[in-house]
Amino acid sequence: MKMPVLDKNFYPMIKALRDFEAEVAKSANPVEVTLVAERSGGYNYVYKYKALADGVNDAFNFRIAERLAKTILWVVGGYKIYVAGSKSIYEYLKKAYTMEGLRAFDVEFMSGVYEKPFEVVWLEQDEIPAQKSNSMRVGGYLKGCRIGFDAGGSDRKVSAVIDGEVVYSEEVVWNPKVTTDPTYHYNEILTAMKTAASKMPTVDAIGVSSAGVYVDNKIMVASLFVKVDKKQHGEYIKNMYINVAKEMSKELGKEIPLEVANDGDVTALAGAIDLEDNGVLGIAMGTSEAVGYINTQGGVNGWLSELAFVPVDFNEGAMVDEWSGDVGVGCKYFSQDAVIKLAEAGGHKFADGLTPAQKLKEIQALMDKDDALAAQIYEDIGTYLAHTIPFYARFYEIKHMLLLGRVMGGKGGDIILATCKKVLAEEYPEYASIDIGLPDEKNRRVGQSIAAASLPANV
């Protein structure tokens, strides 16, 4: 099996699951375990799998259960996990998902997103619910005069779009992640909106693309406000986009529809519009791993798709994510951190004081000179991705995959793509038909603004 050269201990989640399934198949008295993640609106996600009977190999049994529960939680989202089929697995997960347990970060995060206390609940077999899914059409509405706003971490982009044509677009550098006063964010966003509005006869709708978690256009979690005191988050930050839209509505004397979406989903939407097809998973490799998904019906599932926190590597000694405290999660495999980790594993020494972005640029400069270590770094990331796609495909129906972000820039991005396709075809031929590509940078920028502007339904 083709594995990363610079990361000798990489143990892909898909391989761990297959190893586990093989052990279960050989064992006596396996049990069927059901995990259910419940989120707002009564929507849920039901996952069933065969597990080992108690006492056969409890350590393997518990770790697989915990990794699967973690995956489902960050793919779908939720404030409650139900467990059926194994009381010992239930007890293990119940202990892990507390503020004193292994998954305290997850508990705090999900409680904040859904504004409900997090719970792990036992289910009897006759209590297992049917899956209740939610596919909402997003975007593709182009009629009228629309504003598309993209809130990036280093620049803010806004476009004025009339009947699907961009008539004005600008990018302005801003510093939301280092600013403590939230009025700065509000005024910058409002200024962008007013600038776009001035380029059109009226405004019929406002669409916003922004990193973070959004529920009913409310900002639940967003890195743009990382330096703002949490005591100030309250209604002011939570309703910031809603309040900006209200101010614009007041100024123009009419109600302006607003739709706010995660930037990953908007990127996937832009890809779906460009490809004229659905089933699109977009992965942006930058500061972290950002993901969006447009399902095969052309809508979004209402899922979090925060794959930065989804396990990629089953190796217990894998790199620790400083934020979540977990090991082997996506943000350390599909981001600038992955480049840095692999460079250092290959013996490269960075000067003291460099930021992660500067370290990435250093490796990209070496790649421009066809440096052998730099090439190996990108090959290894492509290998990571090839082994991860079959795992993601257990939760997403993927027809197309778009790879974006700073890590995908230059020669390195071409190596990641080529290696991924090659390894996927060799190791997982059943997934080789997935269309994996890099969108054109210029088209992506324009497409992203049109996609954001197209979010609100026609009125």
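Everything quoted here is computed from the prediction, not taken from an experiment. (Residues numbered from 1 in each chain as written. Predicted model: local features only at pLDDT ≥ 70, side-chain atom pairs only at ≥ 80, totals over all residues. Heavy atoms only, no water.)

Student: Which residues make up the overall build of the chain, and what values go with them?
Tutor: Counting its secondary structure elements, the chain contains 13 helices and 17 strands. Counting only C-alpha atoms and orienting by the principal axes, one finds that the chain spans roughly 70 × 60 × 40 Å. When the 459 residues of the chain are sorted by exposure, 56% land in the buried category. Sequence-distant contacts, at least 24 apart, represent 70% of the contacts inside the chain between residues at least 6 apart. On the chain, roughly 19300 Å² of surface is accessible, and the fraction owed to carbon and sulfur atoms is 50%. For the chain, the distance from the average position of its 49 positive side-chain charges to the average position of its 63 negative side-chain charges is 2 Å. (Helix = DSSP H or I, 4+ residues; strand = E, 2+ residues; numbered from the N terminus. Buried < 20%, exposed > 50% of the residue type's maximum accessible area, 1.4 Å probe, protein only. Contact = heavy atoms within 4.5 Å. Areas by Shrake-Rupley, 256 points an atom, 1.4 Å probe, with all protein chains shown as cover. Lys, Arg positive; Asp, Glu negative; His and termini not counted. Charge placed at Lys NZ, Arg CZ, Asp CG, Glu CD.)

Student: So what about the pattern of salt bridges? Which residues, and what values?
Tutor: Pairs can form between side chains of opposite charge once their charged atoms are near each other. Under the criterion given, the structure shown has 24 salt bridges. Between Asp106 and Lys70 there is a salt bridge, and its shortest N-O distance comes to 2.9 Å. A residue pair is termed long-range when its members are at least 10 positions apart, and Asp106 in helix α4 (residues 104–114) and Lys70 in helix α2 (residues 58–76) qualify at 36 residues. For the residue pair Asp106 and Lys70, the accessibility class agrees, reading buried in each case. The salt bridge involving Glu426 is made with Lys422; its shortest N-O contact spans 2.8 Å. Of this pair, Glu426 and Lys422 both sit in helix α12 (residues 410–427), four residues apart, which is roughly one turn of that helix. Overall, the relative accessible area of 47% leaves Glu426 in the partly exposed class. (Salt bridge = Lys/Arg side-chain N within 4 Å of Asp/Glu carboxyl O.)

Student: Before we move on, could you go through the side chain of Thr34 and cite the residues and values that matter?
Tutor: In this structure, Thr34 sits in strand β1 (residues 31–38). At 3.2 Å, the side chain of Thr34 and the side chain of Lys48 are in polar contact. Sequence-distant contacts of Thr34, defined by excluding residues within four places in its chain, comprise Val46, Tyr47, Lys48, Tyr82, Val83, Ala84 and Ile128. (Polar contact = N/O pair within 3.5 Å; in protein donor to acceptor, adjacent residues only side chain to side chain.)

Student: Summarise the packing of aromatic side chains; cite the residues concerned and give the values.
Tutor: Tallied over the entire structure, the rule returns 31 aromatic pairs. A centroid spacing of 6.5 Å and a plane angle of 45 degrees characterise the contact between Tyr45 and Phe395, whose relative ring orientation is tilted. Here Tyr45, found in strand β2 (residues 44–51), pairs with Phe395, found in the loop between α11 (372–392) and β16 (400–404); they are 350 residues apart in sequence, far enough to count as distant. On the basis of relative accessibility, which here comes to 9%, the residue Tyr45 falls in the buried class. On the accessibility criterion, Phe395 (8% relative accessible area) is buried. Consider the rings of Trp74 and Phe309, whose centres lie 4.6 Å apart with planes at 45 degrees: the pair is tilted. With Trp74 in helix α2 and Phe309 in the loop between β15 (299–300) and α9 (336–345), this pair connects stretches of sequence that are 235 residues apart. Phe309 shares its class with Trp74; the two are buried. Three or more aromatic residues joined by ring pairs form one cluster here, namely Tyr11, Phe20, Tyr45, Tyr47, Tyr49, Phe60, Tyr293, Trp303, Phe314, Phe391, Phe395 and Tyr396. Sitting above the plane of the Trp122 ring, Lys87 keeps its charged end 4.7 Å from the centroid. Lying over the aromatic face of Tyr79, Lys116 brings its terminal NZ or CZ to 5.3 Å of the ring centre. (Phe/Tyr/Trp six-rings, centres within 6.5 Å; stacked < 30°, edge-to-face > 60°. Lys NZ or Arg CZ within 6 Å of the ring centre and 35° of its normal.)

Student: Any chance you could break down the nonpolar core for me, citing the residues and the numbers?
Tutor: Membership of the largest hydrophobic core comes to 98 residues, with the highest contact counts inside it found for Tyr49, Tyr97, Ile381 and Tyr392. Not counting residues up to four positions away in its chain, the partners in contact with Tyr97 are Glu66, Ala69, Lys70, Leu73, Ile81, Arg103, Asp106, Val107, Phe118 and Val120. Counting 34 residues, the second-largest nonpolar core is a separate cluster that includes Ile147, Leu190, Met193 and Ile219. (Core = buried A, V, L, I, M, F, W, Y, C linked by side-chain atoms within 4.5 Å.)

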